[in-house]
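One letter stands for each residue in the lines below.
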Amino acid sequence: MTHWFHRNPLKATAPVSFNYYGVASGPPASKICNDMRSSRARLLELFTDLSCNPEMMKSAADSYFSLLQGFINSLDESTQESKLRYIQNFKWTDTLQGQVPSITEDEAKEVHRSLKVAAGIFKHLKESHIPKLITPAEKGRDLEARLIDTYIIQCQAEAQEVTIARAIELKHAPGLIAALAYETANFYQKADHTLSSLEPAYSAKWRKYLHLKMCFYTAYAYCYHGQTLLASDKCGEAIRSLQEAEKFYAKAEALCKDYGETKGPGPTVKPSGHLFFRKLGNLVKNTLEKCQRENGFIYFQKIPAEAPQLELKANYGLVEPVPFEFPPTSAHWTPETLAAFDLTKRPKDDNTKPKPEEEVKPVKEPDIKPQKDTGCYIS
């Protein structure tokens, strides 16, 4: 789905050497540190590796996080934290302050599942780990509730976009497509509302994207709802529904232009140039003309002044986050390994001298150039 998804830049992280001179006082501790260093490097490499697939990413993530668990939790599975819990600070860039090609059916399934898993990871972090931070997340930073909630909702919404595209390709009932589109529009509206209290200088671009997607899928909902009304011989109401679809599509088009001209984090995509976007415009136009012709020859119904209320509920196809848990602590972590870390030999911080803020270099993302923009064909 070329140029369709908004993408914040990949988060960059400061280098971590896991060199705890003096503290790592024995071979088991040194081995754990070496394994941590290599598994972290491997995971970071995969973020920009175009040959990476979900299985490779999960394997690398599990390898790293299973080792990291020994720095977080006690080995006896009690609620106590590891004695190494505060030995290492991590730094990373923030989303706000600091191209997806046409896809096959198998790829669409991977995208759909990956987005649900991503939503589950964000939800797990929000509920189980962020509350344990020593210092609460600052306003507008990635671990702050509004940002995490937005990520969760956006992942769900984008996963549902794949569901909608699939339903359209398989020519499912217009009522189902309308309901899925309406639910998806509500997701985007909720995500936009979640960011509404953030500083516009940071959040404007992201919010434009969320707003344009809300308008786009509202147009979809009214378009397919109009088809349902026409099939029920409610031609006047169908015309009014299609007119509302036309209005929201025009709003989405205008917002696409605003989005492209708004400065902010993340590479700019071009949703209005995507075939999936343009096809809706033609569908609304052609369906409206059909309804108007049939009303002029057959039905002679009055067109309501008010648009029909969209009180639609999808029976299936709605996306929920996939529950997530970190992998078990690596078997390399034993009481002997932990004992090999001697925190009494940790160098004392010299708090008398201010430390310069370390710059985190941005991730150099691969330039993905689509071969051909054929729209959203996933069947």
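Residues numbered from 1 in each chain as written. Predicted model: local features only at pLDDT ≥ 70, side-chain atom pairs only at ≥ 80, totals over all residues. Heavy atoms only, no water.

Asker: Any chance you could explain unusual backbone geometry here in plain terms?
Answerer: Generally, phi is negative for residues other than glycine and the peptide bonds are trans, each holding for most cases. Phi is positive for Phe-18, which is not a glycine, with a value near 55°. Assignment of secondary structure puts Phe-18 in the segment before helix H1 (27–46). Not every positive phi belongs to a glycine, and Phe-300 is a case in point at roughly 55°. Overall, Phe-300 belongs to the exposed group, its relative accessible area being 60%. (Helix = DSSP H or I, 4+ residues; strand = E, 2+ residues; numbered from the N terminus. Buried < 20%, exposed > 50% of the residue type's maximum accessible area, 1.4 Å probe, protein only.)

Asker: For this particular structure, what's the right way to read the nonpolar core?
Answerer: One recurring pattern in soluble globular proteins is that nonpolar side chains are buried together. Among the nonpolar cores identified, the biggest contains 58 residues, and Trp-206, Phe-216, Tyr-217, Tyr-220 and Leu-280 are the most heavily contacted of them. At the level of secondary structure, the elements contributing two or more residues to this core comprise helix H4 (145–169), helix H5 (174–195), helix H6 (200–231), helix H7 (235–261) and helix H8 (275–299). Here the element with the most residues in this core is H6; it accounts for 16 residues. Beyond its immediate stretch of four places on either side in the chain, Leu-280 contacts Phe-216, Ala-219, Tyr-220, Cys-223 and Tyr-249. (Core = buried A, V, L, I, M, F, W, Y, C linked by side-chain atoms within 4.5 Å. Contact = heavy atoms within 4.5 Å.)

Asker: Teacher, can you tell me more about a negative patch on the surface here?
Answerer: Residues Glu-55, Asp-106, Glu-107 and Glu-110 make up a contiguous surface patch of negative charge. Of all the elements, helix H3 (residues 105–129) adds the most residues to the negative patch, at three residues. Locating Glu-55 in the fold gives a position in helix H2 (residues 54–68). (Patch = residues over 30% accessible without salt bridge, like charges linked within 9 Å, V, L, I, M, F, W, Y side chains within 5 Å. Areas by Shrake-Rupley, 256 points an atom, 1.4 Å probe, with all protein chains shown as cover. Salt bridge = Lys/Arg side-chain N within 4 Å of Asp/Glu carboxyl O. Lys, Arg positive; Asp, Glu negative; His and termini not counted. Charge placed at Lys NZ, Arg CZ, Asp CG, Glu CD.)

Asker: Sorry, what's going on with the confidence of the model for the protein here?
Answerer: Close inspection of predicted coordinates is inappropriate in any region flagged by low pLDDT. Residues with a pLDDT of 70 or more make up 88% of the protein, whose mean pLDDT is 86. When pLDDT is averaged over each element of the protein, H5 comes out on top at 95 and H3 at the bottom at 91. Taken as a whole, residues 350–354 scores under 50 in pLDDT and shows zero contacts with residues more than four places along the chain or in a different chain. Of the regions scoring below 50 in pLDDT, residues 369–379 engages in 35 contacts with residues more than four places distant in sequence or in other chains. (pLDDT = per-residue confidence, 0-100.)

Asker: I tried to follow a nonpolar patch on the surface on my own but got confused; where do I start?
Answerer: Residues Leu-10, Leu-44 and Phe-47 make up a contiguous nonpolar surface patch of about 240 Å² in total accessible area. In this structure, Phe-47 sits in the loop between H1 and H2. With a relative accessible area of 41%, Phe-47 lands in the partly exposed category.

Asker: Is there a simple way to explain the side chain of Thr-194 in this structure?
Answerer: Following the sequence through the fold, Thr-194 ends up in helix H5. Among the residues examined, Thr-194 registers a relative accessible area of 15% and is labelled buried. Here Lys-190 takes part through its backbone oxygen, which lies 2.8 Å from a polar atom of the side chain of Thr-194. Among all residues touching Thr-194, those that are not within four sequence positions of it are Arg-146, Asp-149, Thr-150 and Ile-153. (Polar contact = N/O pair within 3.5 Å; in protein donor to acceptor, adjacent residues only side chain to side chain.)

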